[in-house]
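Now for the letters of each chain:
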Amino acid sequence: MLESRRELNWTSIPCRLKPLPWYGYYIGGVSTTALCSFAIFGNIICIIVLSRPVMKSSVNFILLALSSTDLIQIISTLFMRGIQRILEHHCIGVYYTHWIQPLLLPYLFPIGTTAQVASVYLTVLVSIERYVAVCKPFRARVWFSWRKSSMFCLWVVFFAILYNIPTWCELVTKERYSTGNRKFLGFTTRRTDLYRDSNYIFYYVNFGSFFVIRLIPFALLVILNSFIYHGIREMNRKRKTITQFQSHEVSIARMLMLVVVVFLLCNILTVITHMLEAFKTPVSQLFLSASNFLMLVSSTLNFVIYCFLSRNFRKVLLGLFGAQWDPTYFRSTRTRNPNESKLMTNKRESTITTVSTSRI
């Protein structure tokens with residue numbers, strides 16, 4: 001989303017906007033705005049569904065936090081790039097560029113980058129939770145209870161906020177005047193002295209972002225999901241001896257492995273971009289637009305994956321829209337009649353013999 005600060009072009013904003021290249025309008029404008037709109041809808045639905053009492057579990061709380069950070073990231077992208085590109089192409093973007101965006105950008109950018117870092121490490125946290133559930137099932141309840149999962153999510157968000165404190169000092173909004181009669185023309189966004197510092201650019205913007213946001217999380221995701229894959233294969237060999245709940249845990253792990261694979265594939269270009277920028281290699285605007293667009297695709301597809309691969313998610317979603325309404329399904333697990341437990345894929349008798357509960 002916010003991988004390259006160069007694509008935002010905030011150093012100086014011209015009074016007359018230049019025509020955009022085709023990829024700037026169709027990829028950065030139309031496609032980005034359409035994808036952001038669908039992603040906002042999908043993540044709001046995910047937040048509503050995953051916050052239902054019947055969906056309360058450790059993994060669902062992490063997914064709820066992930067959907068929330070993705071939503072913030074997408075909204076920031078929509079206002080920083082999607083809307084601006086469409087308005088510029090139709091020659092009405094000068095008002096947005098000179099009067100609205102310069103006032104929003106110094107706040108939208110650090111908020112978006114914070115949400116991006118939190119989203120990356122929440123994805124890692126999901127993989128850790130699934131690794132424990134599949135490969136260390138007898139420790140899952142101790143390591144990843146609902147309360148501990150919420151604390152882990154808070155620590156991830158705290159780390160993201162702490163790491164992105166310098167981004168709040170990168171941009172500043174200035175008033176813009178004509179050179180002759182000093183007529184007020186609007187606002188412009190300019191770099192601060194901190195962002196002009198070569199050491200800051202080299203260590204924090206280039207190498208820091210490459211290692212902290214890309215290399216370390218990607219390595220963790222590959223290692224953890226390789227262990228999860230081998231754990232699933234081992235459980236498949238013992239299919240006759242595993243409980244129904246353990247089988248359900250495996251199905252959740254498969255679904256979340258697909259989420260991670262989509263995340264990795266859609267972020268390959270951003271890793272390459274960070275690597276090139278770290279070594280001061282020029283990167284084309286088309287490459288930047290494509291990498292940022294693929295990051296949006298990753299945040300959008302999570303909702304689609306949940307809908308297709310999670311039976312409980314579909315059941316709650318249909319109930320929210322009135323399809324196949326069943327009021328008993330929306331009761332808390334503490335108040336549900338024991339005779340109604342067949343509505344859930346996790347039967348009560350299977351949970352007695354297991355160490356954790358997952359309901360997605």
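These lines cover the structure that appears in this document, whether it is placed above or below.

About the thresholds
- Residues numbered from 1 in each chain as written.
- Predicted model: local features only at pLDDT ≥ 70, side-chain atom pairs only at ≥ 80, totals over all residues.
- Heavy atoms only, no water.
- Salt bridge = Lys/Arg side-chain N within 4 Å of Asp/Glu carboxyl O.
- Buried < 20%, exposed > 50% of the residue type's maximum accessible area, 1.4 Å probe, protein only.
- Helix = DSSP H or I, 4+ residues; strand = E, 2+ residues; numbered from the N terminus.
- 1 Å grid on protein atoms, 1.4 Å probe; cavity = no way out; pocket = protein on both sides within 12 Å on 5 of 7 lines; lining within 4 Å.
- Points joined across faces, edges and corners; volume = space filled by probe spheres on them.
- Nonpolar A, V, L, I, M, F, W, Y, C, P; charged D, E, K, R; others polar.
- Phe/Tyr/Trp six-rings, centres within 6.5 Å; stacked < 30°, edge-to-face > 60°.

**Some remarks on the pattern of salt bridges**
The full count for this structure, using the stated rule, is 2 salt bridges. Between Glu129 and Arg130 there is a salt bridge; the shortest N-O distance is 2.7 Å. Across the pair, exposure class does not vary: Glu129 and Arg130 are buried alike. A salt bridge links Asp193 to Arg196, with the nearest nitrogen and oxygen atoms 3.3 Å apart. Linking Asp193 with Arg196, this pair stays in helix α6 (residues 193-196), spanning 3 residues, or about one helical turn.

**What to know about empty space enclosed by the protein**
Going through the model one piece at a time under the given rule, you end up with 2 cavities of 30 Å³ or more. The space that makes up the largest cavity amounts to roughly 130 Å³. Lining the largest cavity are 15 residues, with Asp70, Ser119, Phe263, Ser298 and Ser299 positioned closest to its centre. At the level of secondary structure, the elements contributing two or more residues to the lining of the largest cavity comprise α2 (58-89), α3 (93-135), α8 (244-266) and α10 (285-309). Looking at the lining of the largest cavity residue by residue, the classes come out as 5 nonpolar, 8 polar and 2 charged. When its volume is computed, the second largest cavity comes out at roughly 30 Å³. Around the second largest cavity, the lining residues are Val126, Ser127, Arg130, Asn225, Ile228, Ala253, Leu256, Met257 and Val260. Among the elements of the structure, α3, α7 (198-237) and α8 are those that each provide at least two residues to the lining of the second largest cavity. Sorting elements by how many residues they give to the lining of the second largest cavity places α8 first, with 4 residues.

**Quick look at the packing of aromatic side chains**
Following the criterion strictly, the structure yields 19 aromatic pairs and no others. Measuring from centroid to centroid gives 5.2 Å for Phe61 and Trp146, while their planes differ by 75 degrees, and the two rings are edge-to-face. In this pair, Phe61 is assigned in helix α2 and Trp146 in helix α5 (residues 146-163), connecting sequence segments 85 residues apart. Taking relative accessible area as the criterion, Phe61 reaches 21% and is therefore assigned partly exposed. Its relative accessible area of 36% is what places Trp146 among the partly exposed residues. Plain terms: the ring middles of Phe210 and Phe211 are 5.3 Å apart, the flat faces sit at 75 degrees to each other, and that makes the pair edge-to-face. Judged by relative accessible area, Phe211 falls into the partly exposed class, the value being 35%. Counting every residue linked through ring pairs, the aromatic cluster contains Tyr121, Phe159, Tyr163, Tyr195, Tyr200 and Tyr204.

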